[in-house]
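# Structural features, examined
Okay, here's what each chain looks like letter by letter:
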Amino acid sequence: MVSAAWCCRRKRMRGVEGDTVENIVYMMLQATAGGVLATSGDVSREQIEARVIERRRRLEDERKARIFNAKQRTIGIDKQALEQQIHEKQRWQEEERKMDQAFADRLLVTEQRVQLMEREVQRARKENLMSIQDYRDQMQQQHMRKEWDLNDPLTLRKDRPARVTDDDPIVGPASLQKFAGEDLEYGNRFRKQQQQQAIWVVEQMSEKQDQIEQEREMERLFAERQSEIDERRSELEMEEMKSRAAMNYAVRDYNLALSEAKKEYETIRKMEEMEDALEEIKNQISSDTLTENRATTISCIAPHRYIKYHFKGLDPEQVRSIREEQIRQANEKANQKKMEQEEDQNWDLVQEAVRRNLIAGEREVFRRKQEIARQVAEEQRRQAEEARKRKEVLYKQVYAGAVDESFFSQFGTSSR
């Protein structure tokens, strides 16, 4: 039997036409004659050639069946071979999945064992460190070392001081331990001062506590006094509410009496007003005002004066004189208006001259502004041209290797 690799090669070569496939198969059989096929024992060269010829015939028959099958020729595929390949691929995938699962399970077990071993190693390391630290704490303390006397930071405190008192016999003039102005009793005096200050602090605390008690007693008395005042105020408020209610009742009764008296007074006043109105109507009907009596309009002070509330109109002569006066006043007003128009025309001429001078000045200013703007624009164009030339020099000469559009346009143009 030939190997599975050789079968796969045979399947891939089914699409090759004519003698090329046959030659390739013959060459493969010759190449494997000394290998896999040679293991069958007494296989001679004639048997190998016969097998090759038989295989060629079978392949030719299969090729004719494929060519003469219109459906398979149109589709252009070998369905059985594809199904077999799919089946083999699925089988390989299943085997790979099982192998991966077994490897994962083995890896999980190994990981668990490694974790247990690491925990055991950490525990042993921790116990070892703890035992070492206990030994150090018990047997290797600093004061047990032989050089501790040299490294003791309290050596000077434990040693005898250079001078104990002012009359110490070991202190001589050459020891330089006693100087003028020194005070060895400073420590005792300082301690006594601290004790005195502590006594004073206790006394102050006692006084403060007594003061707090007195303040609490005063607050209690103040609270009692305040409660008495609140009770008295509540009683006074109740009495005030009662007196106010009685006063409201009295005011209500008084207001009702006043309302009745007012209604009665209004009734009497309306009756009197009606009587006065009737009397006034009678007097007006028979008065000189409605009867148009002109004699009643002249004042008793002067004959040319009239009584305002009796005035009945003017005489024809008076009306004519008034008309003449109105005409005269109208003529004067027309003359005055004509003079004002002439004066306005003169002012209009002056204003027109002033306006023309202002327009001429504005035009001159506008012309100067345009000239300045033109000069500024020319200067800006000159500067823009210089900047453009500088950019061209930078991007075309100095920075000639910069990335441009041609660099990006070369992507996606080839399969390599």
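Residues numbered from 1 in each chain as written. Predicted model: local features only at pLDDT ≥ 70, side-chain atom pairs only at ≥ 80, totals over all residues. Heavy atoms only, no water.

Here we take up the overall build of the protein chain. Each helix and strand counted, the protein chain has 10 helices and 0 strands in total. Ordered by position from the N terminus, the helices and strands of the protein chain form the series α-α-α-α-α-α-α-α-α-α. When each of the 416 residues of the protein chain is scored for burial, the buried share is 7%. Partitioning the contacts of the protein chain with sequence separation of at least 6, the portion at a separation of at least 24 is 21%. Accessible surface, the protein chain: about 37,900 Å² in total, of which carbon and sulfur atoms supply 55%. (Helix = DSSP H or I, 4+ residues; strand = E, 2+ residues; numbered from the N terminus. Buried < 20%, exposed > 50% of the residue type's maximum accessible area, 1.4 Å probe, protein only. Contact = heavy atoms within 4.5 Å. Areas by Shrake-Rupley, 256 points an atom, 1.4 Å probe, with all protein chains shown as cover.)

Our next topic: a nonpolar patch on the surface. Together, Phe311, Leu314, Val319 and Ile322 make up an exposed nonpolar region whose accessible area comes to about 300 Å². You can see valine 319 is positioned in helix H9 (residues 316–398). (Patch = residues over 30% accessible without salt bridge, like charges linked within 9 Å, V, L, I, M, F, W, Y side chains within 5 Å. Salt bridge = Lys/Arg side-chain N within 4 Å of Asp/Glu carboxyl O.)

Here we come to the pattern of salt bridges. Applying the stated criterion across every chain yields a total of 29 salt bridges. Between arginine 244 and glutamate 240 there is a salt bridge whose closest N-O contact spans 2.8 Å. Of the two residues, arginine 244 and glutamate 240 are both situated in helix H8 (residues 186–285); the distance of 4 residues between them amounts to about one turn of the helix. A salt bridge links arginine 382 to glutamate 386; its shortest N-O distance comes to 2.6 Å. You can see arginine 382 and its partner glutamate 386 sitting in helix H9, 4 residues apart, about one turn around the helix. Since its relative accessible area comes to 40%, arginine 382 is described here as partly exposed. In this structure, a network of salt bridges that share partners links the residues Glu120, Arg123 and Glu127.

Of all residues in the protein chain, 82% attain a pLDDT of 70 or more, and the chain-wide mean is 80. The weakest mean pLDDT in the protein chain belongs to helix H1 (residues 4–12) at 43; the strongest belongs to helix H5 (residues 79–139) at 90. Every residue in residues 1–22 scores below 50 in pLDDT, and together they form 22 contacts with partners more than four places removed in sequence or on other chains. For residues 31–41, every residue scores under 50 in pLDDT, and the model assigns this stretch 9 contacts once sequence neighbours within four places are set aside. (pLDDT = per-residue confidence, 0-100.)

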